[in-house]
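Understanding the architecture of this molecule
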Amino acid sequence: MFVASSEFVDAAAAQSRALGFHPAAHYVPHPIQDRSDAEIRALADAAFEAILAQLVAS
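Residues numbered from 1 in each chain as written. Predicted model: local features only at pLDDT ≥ 70, side-chain atom pairs only at ≥ 80, totals over all residues. Heavy atoms only, no water.

**Examining the packing of aromatic side chains**
For any pair of aromatic rings, geometry is given as the distance between the ring centres together with the angle between the planes. A complete count under the given rule lists one aromatic pair for this structure. An angle of 85° between the planes, with centres 5.9 Å apart, marks the rings of phenylalanine 2 and tyrosine 27 as edge-to-face. Remark: tyrosine 27 occurs in strand β2 (residues 25-28) and phenylalanine 2 occurs in strand β1 (residues 2-5); sequence separation between them is 25 residues. When its relative accessible area of 26% is taken as the criterion, phenylalanine 2 is described as partly exposed. (Phe/Tyr/Trp six-rings, centres within 6.5 Å; stacked < 30°, edge-to-face > 60°. Helix = DSSP H or I, 4+ residues; strand = E, 2+ residues; numbered from the N terminus. Buried < 20%, exposed > 50% of the residue type's maximum accessible area, 1.4 Å probe, protein only.)

And the structure:
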């Protein structure tokens, strides 16, 4: 399972096809690097339940 920003959806799909491995993934809104600490915490809080559900299901 991995978490990445939405900018990497296509790259992750291509890498998965090339490797023949399709891990669970969760994408958060891009960009990440310019966000404040509070904004990053809000993204993490918003994604937490979905990520936890994918981890439990894997």
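What follows picks up the thread again.
**Some words on a nonpolar patch on the surface**
A contiguous nonpolar patch, built from Met1, Val3 and Leu55 and spanning about 250 Å² of accessible area, is present on the exposed surface. Mapped onto the secondary structure, valine 3 falls in strand β1. For valine 3, a relative accessible area of 44% gives the class partly exposed. (Patch = residues over 30% accessible without salt bridge, like charges linked within 9 Å, V, L, I, M, F, W, Y side chains within 5 Å. Areas by Shrake-Rupley, 256 points an atom, 1.4 Å probe, with all protein chains shown as cover. Salt bridge = Lys/Arg side-chain N within 4 Å of Asp/Glu carboxyl O.)

Geometric values such as these leave the question of function open.
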